Amino acid sequence: MAIDPGHGGGDTGAVGVIPPGTVTGLPARTDSAGRTAVFEKDVNLDIGLRLDAWLRAQGGRTLLTRTQDLAGGDVPYTTEGADLRARVRIANDAGVDIFVSVHNNALAATTSGTETFHFYYSSAAARLLARDVQAAMVAALGLPDRGVKTAGFHVLRNTRMPAILVEGAFLTNPAEALLLADPAARQRIAEAIGRGIATYSAQGVTAPPALAPTIGPWATKPKSVPAGYRLVKTGATNPVGRGGWLAVIAGFRQPVEAVLPATIGPWRTRPSRVPTGYRLVKTGRSNAVGRGGWLAVVNTAGSPGTGSSPGAAAP
Ligand SMILES: [Zn+2]
């Protein structure tokens with residue numbers, strides 16, 4: 001399996017501010033204002049190395065996309081594109097079974113919690129891996145469960161095996177920055193990711209085809225696509241290559257809960273039918289949406305709880 005510690009070298013990732021004198025076990029850093037800081041690249045590498053040691057101790061075969069404060073492939077950082085391509089190439093060339101990218105998050109100072117991403121067009125195996133690792137991290141850290149989400153991140157999109165990207169906690173949240181600065185907490189995160197991988201592996205999931213989930217997108221419809229792919233039109237509910245064409249692995253079926261908006265409507269009069277995956281509900285006093293009308297609500301019965309994130313930017 002490939003362990004991918006996010007960022008490195010000239011790409012610091014998120015920056016967290018911690019009290020002066022905090023013992024971190026990481027390189028001493030300051031932010032642009034001269035305050036004592038922890039850099040996401042250092043936290044991710046430390047967790048990645050701890051995860052590597054834990055998995056090897058369990059008999060796992062691992063590789064790291066970087067082992068030092070450098071870009072992917074342990075080379076000096078030049079551009080984000082070159083860095084990300086190197087990480088994907090390492091995993092694809094080695095033919096690893098799974099790819100786990102280790103990150104920590106950035107948003108508002110009050111934002112808190114743990115989340116895990118898989119690619120929008122990912123295999124069922126990747127979704128299961130994301131669910132198992134997210135559950136293990138939430139159990140170990142006790143932070144708010146922000147759920148399993150979809151994204152278009154480069155390393156998820158171009159790797160040819162089940163791939164996930166974990167966001168342990170928020171460096172922009174002072175309490176969580178202090179948590180990530182603690183070597184014992186980083187060990188807990190590493191072991192939780194490892195236990196999640198072990199849970200996934202124990203289920204004997206059949207590996208999907210060794211193809212990247214998608215090729216493209218293209219602005220105009222290509223004449224042909226490689227064997228094993230089919231063409232789809234991209235659109236508003238698809239974060240990858242809006243307004244163009246995309247080659248998607250043949251046989252891929254988007255799970256209902258990850259592609260459909262939560263509701264359609266409302267309508268004043270009852271529609272004669274609703275799209276597949278929805279059921280009609282009457283709106284009313286207890287329903288803030290479209291009082292006195294009809295609403296199509298996504299039918300999630302029997303599907304695992306999966307969130308959705310439309311953003312396709314790099315983490
Ligand atoms: Zn990151």
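Going by the structure above, here's the rest.
Remember, predicted model here, so these are calculated numbers, not experimental data. (Residues numbered from 1 in each chain as written. Predicted model: local features only at pLDDT ≥ 70, side-chain atom pairs only at ≥ 80, totals over all residues.)

## Quick notes on the environment of Gly73
Along the chain, the position of Gly73 falls in the loop between β5 (63-64) and α2 (80-94). With sequence-adjacent residues up to four places away left out, Gly73 is seen in contact with Arg66, Ala86 and Ile90. (Helix = DSSP H or I, 4+ residues; strand = E, 2+ residues; numbered from the N terminus. Contact = placed C-beta atoms within 7 Å.)

## Some remarks on the pairing of strand β6 (residues 99-105)
On any regular strand, side chains alternate: one points to one face of the sheet, the next to the other face. Counted residue by residue, β6 has seven buried out of seven residues, so it is predominantly covered. Burial of β6 is two-sided: the residues Phe99, Ser101, His103 and Asn105 facing one way and the residues Val100, Val102 and Asn104 facing the other way are all buried. Inspection of the sheet shows strand β1 (residues 2-5) paired to β6 by four bridges, in the parallel sense. Note on β6: the bridge partner recorded for Ala2 is Phe99. Bridge count between β6 and strand β9 (residues 163-170): six bridges; the pairing is parallel. Directly across from Ser101, in β9, lies its bridge partner Leu165. (Buried ≥ 20, exposed ≤ 12 C-beta atoms within 10 Å, placed from the backbone. Pairing = 2+ DSSP bridges.)

## Observations concerning the nonpolar core
Of all hydrophobic cores here, the largest spans 63 residues; its most connected members are Val38, Phe99, Val100, Leu129, Val133, Ile164 and Ile193. The leading source of residues in this core is helix α3 (residues 124-141), at nine residues. No fewer than three residues from each of domain 1 (2-201) and domain 2 (214-249) sit in this core. Look past the residues within four positions of Phe99 in its chain and what remains in contact with it is Ala2, Asp4, Ala91, Val155, Thr159, Met161 and Ala163. (Core = buried A, V, L, I, M, F, W, Y, C linked by C-beta atoms within 7 Å. Domains from an automatic or database assignment.)

## Concerning the sheet that holds strand β4 (residues 36-39)
What links the strands of a sheet is backbone hydrogen bonding, and the strands pair in either a parallel or an antiparallel sense. Strand order in the open sheet made by the three strands is β2-β4-β3, with antiparallel pairing throughout. Looking at which strands have only one partner, the edges of the open sheet turn out to be β2 (15-17) and β3 (29-30). The sheet contact formed by β2 and β4 spans three bridges and is antiparallel. Opposite Val15, over in β4, you have Phe39 as the bridge partner.

## Describing the sheet that holds strand β12 (residues 245-249)
Pairing is antiparallel in the open sheet, where three strands are placed in the order β10-β12-β11. Only two strands of the sheet have a single neighbouring strand rather than two, namely β10 (214-218) and β11 (229-233). With direction set aside, neighbouring strand axes in the sheet form an average angle of 25°. By the bridge criterion, five bridges tie β11 to β12 in an arrangement that is antiparallel. Bridge pairing links Leu231 to Ala247 in β12. (Axes fitted to C-alpha atoms, helices over the stretch in contact; angles between N-to-C directions.)

## A few points about α2
Helix length check: α2 (15 residues) gives 22 Å between terminal C-alpha atoms against 21 Å at 1.5 Å per residue, within 8%. When α2 is considered as a whole, its buried residues turn out to be Asp83, Leu84, Arg87, Val88, Ile90 and Ala91. With its buried residues spanning 150° around the axis, α2 presents them on a single face. Residues Gly81 and Asp93 are exposed on α2 and point more than 90 degrees away from its buried face. Next to the buried residues of α2 lie β1, β5, β6 and α4 (154-158). One or two residues past the end of α2 sits Gly95, with phi positive at roughly 65°. (Expected span 1.5 Å × (residues − 1). Arc of directions from axis to C-beta.)

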